[in-house]
Amino acid sequence: MLGRKSKSTIDSLIGISTSIQGDVHFKGGLRIDGHIKGNINAEAGQPSVLVISEHAKIVGEIRAVHLIVNGEIIGDVHSVELLELQPKARIT
């Protein structure tokens, strides 16, 4: 199926050396390796995948359809369809 995105496609990356203060809004797929102090929200009503790598630290609320966590989250987590906690996941 050429040209058709799967649910697990990562469209954007926030790298390990990146630190963001403020809210992040995204569509599709987002992988976070860096640090974010602020809320992370996927576009409502659209498929989304958020991957929090083992190096990532998030302080804020997260909303996504599919959420895969292997890093640290300090805040509320809202996942509509799937929440996957990998071995190094830490949610407070």
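Up top is the structure.
Residues numbered from 1 in each chain as written. Predicted model: local features only at pLDDT ≥ 70, side-chain atom pairs only at ≥ 80, totals over all residues. Heavy atoms only, no water.

Chemist: Could you give me a rundown of the nonpolar core, with the residues and numbers involved?
Modeler: Residues Leu 30, Ile 32, Ile 40, Leu 50, Ile 52, Ile 58 and Ile 62 are the most contacted members of the largest nonpolar core, which totals 17 residues. Of the residues forming this core, the biggest block, 4 residues, is contributed by strand β9 (residues 62-69). In this view, Ile 62 contacts Ile 40, Leu 50, Ile 52, Leu 67, Ile 73, Asp 76, Val 77 and His 78; residues no more than four positions away in its chain are not counted. (Core = buried A, V, L, I, M, F, W, Y, C linked by side-chain atoms within 4.5 Å. Buried < 20%, exposed > 50% of the residue type's maximum accessible area, 1.4 Å probe, protein only. Helix = DSSP H or I, 4+ residues; strand = E, 2+ residues; numbered from the N terminus. Contact = heavy atoms within 4.5 Å.)

Chemist: Got a sec to walk through the pairing of strand β4 (residues 28-32)? Specific residues and values, please.
Modeler: With 3 bridges joining them, strand β1 (residues 12-14) and β4 adopt parallel strand pairing. Looking across to β4, one finds that Ile 14 is bridged to Ile 32. Bridging between β4 and strand β7 (residues 48-52) involves 5 bridges; their strand directions are parallel. Within β7, the residue paired with Leu 30 across the bridge is Leu 50. (Pairing = 2+ DSSP bridges.)

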